[in-house]
Amino acid sequence: MISAAPEKQKKLSSLPSVDELLKSPEGNKWLADFQRTIVGQAPRDIRASKRKDILSGRPCDMARDSLLRDIQSRILKNASFSLQPVINATGIVLHTNLGRSVLSEKVLRNVVAVGRGFSNLEYDLEAGNRGKRHIHTKRLLREITGAEDSFIVNNNAAAVMLCLNAMARDKEVIVSRSELVEIGGSFRVPDVMAASNALLREVGTTNKTHLHDYSNAISENTALLLKVHQSNYRIIGFTEDVSITELVTLGKKHHLPVMYDLGSGCLIDLKAYGIHSEPSVQEIVRSGVDIVTFSGDKLLGGPQGGIIAGRKKYIEKIQMNPLARVLRVDKLTIAAFESVLMEYMDEKKAVEEIPVLKMLLQSPEEIRARAIRLASRLRKALKNEHFDIISDSSRAGGGSLPEVDFPTFTVSIKPSLISVNKLEQRLRNSSPPIITRIKGDALILDARTIREHEIKIIIGALTASLMQV
Ligand SMILES: *Cc1c(COP(=O)(O)O)cnc(C)c1O
């Protein structure tokens, strides 16, 4: 070890000890306001970082006041939550990195009500004995989707894995090669299949799979015919695939169950809103499929969850599987689901009350009006900067509706004094963080996902970020 030069040594020894810092009037105030462990850690962190600066010869402010300020901000940082709300100005409604679905106040009120005390989660109030947790959502899901029975697990990946394990363990599952997709990095159909101990029997080619490809592959080892929604990708051109109706007919002929991993799982008919690419869950159930699985926090607009809906006889088998217990959802999730599903009893209301649907289906005029409000207030607050309103398009996100362009309006800023990257970084580090995107040399704020009450916060953060050079 190289010993520090004398002037460095001198600087090092002038660093006040942790004890000394905690005994100061400031230290006493921190101890009154924050947990002892957090207060105790901050001076150590700051001491260590100052020590590093001194030893590497970096300039370092050793004044007592500045040291105390550093410690104070470190305490505030250590005492704040890591998971926190952010403002989504990307225009992507189902942003997996930003928590996918936003829940309504009404849904959150139900979560609070159930979480605050005890509940009848697994208690049958009529019989006065043990009940089942999935009954709370079963009636609503039957009303909405038409499926006989249902079961909710941790997420759709879990739903697929559980169904495969329960219905096809050590047996073959026939899937088209065009549907062996990867979704969001960690969900790959062949890997989920392997983890669930089902044997993948792939048929057809990447671009074309015919009904006879499935029927030729059926043997006494076959347990299931599986269709997987391609979600985030499309094969275009010379293509052919087998419809769910044809698969159902084939399954019936061979007494084999048919399952559809729908991914997004939309509970309203999007055709009424000009979107023709996504069949609703109801349509899939009507096709006669035995099991359908879909996410709770994609187009449904609920909490994270995987919904398994279909024939009672298979749902019962699935519930008996040991993985069902491993993958079950908690009471807060069930409370949120029950409340969101209740909105679907009236489709008009669902579109108004469920934030995901509202953000996706709002009219371009509404988005434009919000972009104009944002831009005009920004122009007033920041007279030396230039703001443009630009017509653009946003994507749904989360692998949902990949080929649908949702017309939107953005506010574009080319900062005059700092780089666009610096501005993006400052907004990301403001409180609450504001997540934006960069297009060329402009920062883009997409009005689709910005909520009315966030406009004021965005203006404050942009003002602070652009004033500081
Ligand atoms: C999104 C998706 C999944 C994974 O769902 P999670 O709820 O994110 O676990 C599985 N399959 C398909 C087809 C999907 O689109």
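Residues numbered from 1 in each chain as written. Predicted model: local features only at pLDDT ≥ 70, side-chain atom pairs only at ≥ 80, totals over all residues. Heavy atoms only, no water.

1. Considering the packing of helix α1 (residues 6-13) against helix α4 (residues 36-55)
To keep things clear, this is the line we draw: Interaxial angle, 0 to 180 degrees, is taken between N-to-C directions of lines fitted to C-alpha atoms, where a helix line uses only the stretch in contact. Secondary structure elements follow DSSP: runs of H or I of four or more residues count as helices, runs of E of two or more count as strands, with numbering from the N terminus. Roughly parallel here means an angle under 35 degrees, roughly antiparallel means over 145, roughly perpendicular means 65 to 115, and every remaining angle is called oblique. Handedness of a helix crossing follows the sense of rotation of the near helix relative to the far helix, less than a right angle counterclockwise being left-handed and clockwise being right-handed. Note on contacts: a residue pair qualifies if any of its non-hydrogen atoms lie within 4.5 Å across the two residues.
At a minimum axis distance of 10 Å, the contact between α1 and α4 shows a crossing angle of 165°. Considering their axes alone, α1 and α4 lie roughly antiparallel with respect to each other. Where α1 crosses over α4, the two elements pack in a sense that is right-handed. Listed contacts from α4 to Lys 8, Lys 11 and Leu 12 of α1 are Arg 51, Ile 54 and Leu 55.

2. Points about the packing of aromatic side chains
Convention followed: Centres within 6.5 Å make a pair out of two Phe, Tyr or Trp rings, where for Trp the six-membered ring is used; the pair is then stacked when the planes are under 30 degrees apart, edge-to-face when over 60, and tilted otherwise. In this analysis the charged atom, NZ for Lys or CZ for Arg, is taken to sit over a ring once it is within 6 Å of the ring centre and within 35 degrees of the ring normal.
The tally for this structure, following the rule as stated, stands at zero aromatic pairs. We note Lys 208 situated over the ring of Phe 238; from NZ or CZ to the ring centre the distance is 3.6 Å.

3. Focus: the site of the ligand
To keep it simple, the criterion reads: Whether a residue is near a molecule or strand is decided by its heavy atoms; if any one of them lies within 4 Å of it, the residue is near. Residues adjacent in sequence count toward polar contacts only when both atoms are side-chain atoms; beyond that, a polar contact is any pair of N or O atoms within 3.5 Å, and within protein one must be able to donate a hydrogen and the other to accept it. Here the open area of atoms and residues is found with the Shrake-Rupley method and a 1.4 Å probe, where only the protein chains shown may cover a residue. The nonpolar class holds Ala, Val, Leu, Ile, Met, Phe, Trp, Tyr, Cys and Pro. Asp, Glu, Lys and Arg form the charged class, and all remaining residues, Gly among them, are polar.
Around the ligand sit Arg 100, Asn 155, Asn 156, Ala 157, Ile 183, Phe 187, His 229, Ser 231, Asp 261, Gly 263, Ser 295 and Lys 298, and that is every residue in its neighbourhood. One of the side-chain N or O atoms of Arg 100 is found 2.9 Å from an oxygen atom in the ligand. Contact between the ligand and Asn 156: an oxygen atom at 3.0 Å from a main-chain N or O atom of the residue. Relative to its unbound accessible surface of 380 Å², the ligand loses 94% to contact with the protein. A per-class count over the shell around the ligand returns three nonpolar, six polar and three charged.

4. Considerations on the pattern of salt bridges
Applicable threshold: Put simply, a salt bridge is a Lys or Arg side-chain nitrogen that is within 4 Å of an Asp or Glu carboxyl oxygen. Here's how the labels work: a residue is buried when its accessible area is under 20% of the maximum for its type, exposed when over 50%, partly exposed in between, all with a 1.4 Å probe on protein chains only.
The full count for this structure, using the stated rule, is 30 salt bridges. Between Arg 188 and Asp 191 there is a salt bridge whose closest N-O contact spans 4.0 Å. On the basis of relative accessible area, Arg 188 is assigned to the partly exposed category, the value being 40%. Its salt-bridge partner being Arg 451, residue Glu 454 comes within 3.7 Å of it at the nearest N-O pair. Judged by its relative accessible area of 6%, Glu 454 is buried. Taken together, the shared-partner salt bridges connect Glu 122, Arg 130, Arg 133 and Arg 328 into one network.

5. A few points about the nonpolar core
To keep things clear, this is the line we draw: For the purposes of this section, nonpolar cores are sets of buried Ala, Val, Leu, Ile, Met, Phe, Trp, Tyr and Cys residues that join through side-chain atoms within 4.5 Å.
One finds Leu 300 and Tyr 344 to be the most contacted residues of the largest nonpolar core, which totals 59 residues. Sorting elements by how many residues they give to this core places helix α15 (residues 331-343) first, with six residues. Setting aside chain neighbours within four positions, we find Tyr 344 in contact with Ile 144, Leu 267, Ile 268, Leu 299, Leu 300, Ala 350, Ile 354 and Leu 357. Counting residues in each nonpolar core, the second largest holds 33 residues, with Val 175, Ala 198, Ile 291 and Ile 315 among its members.

6. A look at the pairing of strand β5 (residues 172-176)
Within a regular beta strand, the side chains point alternately toward one face of the sheet and then the other, so they alternate between its two faces. What counts is decided by this rule: Here a strand pair is declared whenever DSSP counts at least two bridges between the two strands.
Along β5, five of the five residues are buried, which leaves the element largely enclosed by surrounding structure. The two faces of β5 match: Glu 172, Ile 174 and Ser 176 on one face and Val 173 and Val 175 on the other face are all buried. Of the pairings in the sheet, the one linking β5 to strand β8 (residues 199-203) comprises five bridges and is parallel in character. Bridge pairing in β8 places Val 175 opposite Glu 202. Bridge count for β5 against strand β9 (residues 222-228) is three bridges, and the pairing is parallel.

7. Notes on the sheet that holds strand β4 (residues 149-153)
Spatially, seven strands are ordered β4-β12-β11-β10-β9-β5-β8 in an open sheet, and the strand pairing comes out mixed. Both outer strands of the open sheet, β4 and β8, are each paired with one neighbouring strand and no more. Across this sheet, the average inter-strand angle for adjacent strands is 25°, counted without regard to direction. Inspection of the sheet shows strand β10 (residues 258-263) paired to strand β11 (residues 291-295) by four bridges, in the parallel sense. Across the sheet, residue Asp 261 finds its bridge partner in β11, namely Thr 293. Lying on the sheet, helix α7 (residues 135-145) is in contact with β4 and β12 (306-310); it crosses β4 at an angle near 125°. Contacts from helix α13 (residues 312-320) reach β4, β11 and β12, with the element oriented near 30° to β4.

8. Concerning the packing of helix α8 (residues 156-168) against α13
Here α8 crosses α13 at 100°, and the two axes come no closer than 9 Å. Classified by the interaxial angle, the pair formed by α8 and α13 is roughly perpendicular. Only Tyr 314, Lys 317 and Ile 318 of α13 make contact with α8, whose side of the interface consists of Leu 162, Cys 163, Ala 166 and Met 167. Each residue belonging to the contact of α8 with α13 can be placed in one class, and the counts come to six nonpolar, no polar and one charged.

9. Points about the sheet that holds strand β14 (residues 406-413)
Pairing is antiparallel across the open sheet formed by four strands, whose spatial order is β13-β14-β17-β16. The sheet is open, and its two borders are formed by β13 (387-394) and β16 (437-439), each paired with just one other strand. Taken pair by pair, the neighbouring strands of this sheet meet at an average axis angle of 40°, ignoring direction. When β14 meets strand β17 (residues 442-446), the two strands line up antiparallel, connected through four bridges. When the bridges of β17 are listed, Val 411 appears paired with Leu 445. Seen against the sheet, helix α19 (residues 420-428) touches β14, β16 and β17 and runs at an angle of roughly 40° to β17.

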